[in-house]
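Listed below, chain by chain, are the residues.
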Amino acid sequence: MSMHTVAVMGLGVRGKIHLHGLLENPDYYKVVGLCDIDEPKMKAVAEEYHLDDVPLFTDAEEMLKETRPEIFVFVTYPDLRLSVIQLAVKYGVKGISFEKPMAESLQEAKKIVKLCHDNGIKAVVCH
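Attention in this report is confined to the structure presented alongside it. Here the structure is a predicted model, which means the values were calculated and not measured.

### Brief notes about the nonpolar core
Nonpolar side chains tend to gather and get buried jointly when the protein is soluble and globular.
Next up, step 1: Grouped together as the largest cluster of nonpolar side chains are 23 residues, with contacts concentrated most on Met9, Met63, Phe72, Phe74, Ile85, Ile96 and Ile112.
Next up, step 2: Where this core is concerned, the elements lending two or more residues are strand E1 (4-9), helix H3 (60-67), strand E4 (71-74), helix H4 (81-90), strand E5 (95-99) and helix H5 (106-118).
Next up, step 3: Broken down by element, this core gets its largest block of residues, five residues, from H4.
Next up, step 4: When sequence neighbours within four positions are dropped, the list of residues in contact with Phe72 reads Ala7, Met9, Met63, Leu64, Val84, Ala88, Val93, Gly95, Ile96 and Ser97.

Listed below in structure tokens is the structure:
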């Protein structure tokens, strides 16, 4: 298996669990960016996990544009899922991992599935 670059958005309790899992597998994943709207919390997480060399962002689009990760892990509120996946498409992400619920409606879930399918994105909804 090859090494994959990963950007992580949302560093609350669940986001930190995802980050921890990635960091526990350094032969497979390299974290290339962290993003959270709460900058002090994000800096504290980066310090806690000794990620001094990982760029920090408060804007997801800026992070994706600068880091161009293969995988995008995001832990956000459900009303943001579709717009975040649209950003992933825009910046050529090939794998996404996000939390349940997948969407706020069946119609929105169908849009997400179509976006992923049409753009060759593998998606995992964590439960």
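Additional details are given in the paragraphs that follow.
### Some words on the pattern of salt bridges
Next up, step 1: Per the stated rule, a full pass over the model turns up six salt bridges.
Next up, step 2: Between Arg14 and Glu99 there is a salt bridge, with the nearest N and O atoms lying 3.2 Å from each other. With a gap of 85 residues between them, Arg14 in helix H1 (residues 13-23) and Glu99 in strand E5 connect regions that are remote in the sequence.
Next up, step 3: Assessed through its relative accessible area of 36%, Arg14 is described here as partly exposed.
Next up, step 4: A salt bridge links Glu61 to Lys90, with the shortest nitrogen-to-oxygen separation between them at 2.6 Å. Of the two residues, Glu61 is situated in helix H3 and Lys90 in helix H4; the sequence distance between them amounts to 29 residues.
Next up, step 5: The class for Glu61 is partly exposed, based on a relative accessible area of 27%.
Next up, step 6: Among the residues examined, Lys90 registers a relative accessible area of 53% and is labelled exposed.

### Remarks on the packing of aromatic side chains
Next up, step 1: Counted according to the given criterion, the structure contains two aromatic pairs.
Next up, step 2: For the ring pair Phe72 and Phe74, a centre distance of 5.2 Å and an interplane angle of 45° mean the geometry is tilted. Exposure class is identical for Phe72 and Phe74. Each is buried.
Next up, step 3: Between the aromatic rings of Phe74 and Phe98, the centroid separation amounts to 5.2 Å while the plane-to-plane angle is 5°, which identifies the pairing as stacked. Note that Phe74 is positioned in strand E4 and Phe98 in strand E5, a separation of 24 residues in sequence. The two residues Phe74 and Phe98 agree in class, both being buried.

### Observations regarding the environment of Val31
Next up, step 1: Within the secondary structure, Val31 sits in strand E2 (residues 29-35).
Next up, step 2: Given the relative accessible area of 8%, Val31 is considered buried.
Next up, step 3: Separated by 26 residues in sequence, Val31 and Thr5 have C-alpha atoms that sit 5.9 Å apart.

Conventions and cut-offs
Residues numbered from 1 in each chain as written. Predicted model: local features only at pLDDT ≥ 70, side-chain atom pairs only at ≥ 80, totals over all residues. Heavy atoms only, no water. Core = buried A, V, L, I, M, F, W, Y, C linked by side-chain atoms within 4.5 Å. Buried < 20%, exposed > 50% of the residue type's maximum accessible area, 1.4 Å probe, protein only. Helix = DSSP H or I, 4+ residues; strand = E, 2+ residues; numbered from the N terminus. Contact = heavy atoms within 4.5 Å. Salt bridge = Lys/Arg side-chain N within 4 Å of Asp/Glu carboxyl O. Phe/Tyr/Trp six-rings, centres within 6.5 Å; stacked < 30°, edge-to-face > 60°.

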